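If you want the building blocks of each chain, they are given just below.
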Amino acid sequence: MNLELQQFKAEFFKALAHPLRIRILELLAEGDKNVNELQTLIGTEGSAVSQQLSVLRSKNIVYGTKDGNRVIYSLRDPMIVDLLHIAKQIFNNHLIDAISMLDKMNEEKETGGV
């Protein structure tokens, strides 16, 4: 795997550290949107959406193009949709593992470790 792709994937997974960024990426995976559309779909302030879009732009995950007096945001690469699915699977697997571990600890606690 080339260095540029490795760096991009590392930045992508860092970007997923915020739930609003994940939701923005999910919505952009469905198609290009402006801040007002994202704000309406997410149900949050435009400033919060703009701030997270700024982070995603700085990491070269999304880009914006001017359309009159508004900016339309898009995913920089279709591969991002695949990476988002992979990230969700990783999260779900870790969540399942964590729940399993908690269940086991609770069971041991209830049985006195026997």
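Up top is the structure these notes are about.
Here is what the cut-offs are and how they apply
Residues numbered from 1 in each chain as written. Predicted model: local features only at pLDDT ≥ 70, side-chain atom pairs only at ≥ 80, totals over all residues. Heavy atoms only, no water. Pairing = 2+ DSSP bridges. Helix = DSSP H or I, 4+ residues; strand = E, 2+ residues; numbered from the N terminus. Expected span 1.5 Å × (residues − 1). Buried < 20%, exposed > 50% of the residue type's maximum accessible area, 1.4 Å probe, protein only. Arc of directions from axis to C-beta. Lys, Arg positive; Asp, Glu negative; His and termini not counted. Salt bridge = Lys/Arg side-chain N within 4 Å of Asp/Glu carboxyl O. Polar contact = N/O pair within 3.5 Å; in protein donor to acceptor, adjacent residues only side chain to side chain. Contact = heavy atoms within 4.5 Å. Axes fitted to C-alpha atoms, helices over the stretch in contact; angles between N-to-C directions.

## Some thoughts on the pairing of strand β3 (residues 70–75)
Of the pairings in the sheet, the one linking strand β1 (residues 33–34) to β3 comprises two bridges and is antiparallel in character. For Lys33, the partnering residue across the bridge sits in β3 and is Tyr73. Joining the antiparallel neighbours strand β2 (residues 62–67) and β3 is a turn of two residues, in which Gly68 adopts a positive phi near 70 degrees.

## Regarding helix α1 (residues 3–15)
The end-to-end C-alpha distance of α1, which contains 13 residues, comes to 18 Å, matching closely the 18 Å that a straight helix rising 1.5 Å per residue would cover. All of the buried residues along α1 are Phe8, Phe12 and Ala15. The arc that holds every buried residue of α1, seen down its axis, measures 60 degrees, which confines them to one face.

## With respect to the side chain of Lys33
Considering the arrangement of structural elements, one finds Lys33 in strand β1. Although buried, Lys33 forms no salt bridge, and the nearest oppositely charged side chain, Glu30, lies 4.4 Å from it. Polar contacts involving the side chain of Lys33 include one to the main-chain carbonyl oxygen of Leu27, which spans 3.4 Å. Those residues in contact with Lys33, other than ones at most four positions away along the chain, are Leu27, Leu28, Leu38, Leu41, Val71, Ile72 and Tyr73.

## Some thoughts on the sheet that holds β3
In space, the three strands of this open sheet follow the order β1-β3-β2, with antiparallel pairing throughout. Among the strands making up the open sheet, the edge pair consists of β1 and β2. By the bridge criterion, six bridges tie β2 to β3 in an arrangement that is antiparallel. What sits directly across from Lys66, in β3, is Val71. Packing against the sheet, helix α4 (residues 46–58) makes contact with β2 and β3, and its axis sits at approximately 115 degrees to β2.

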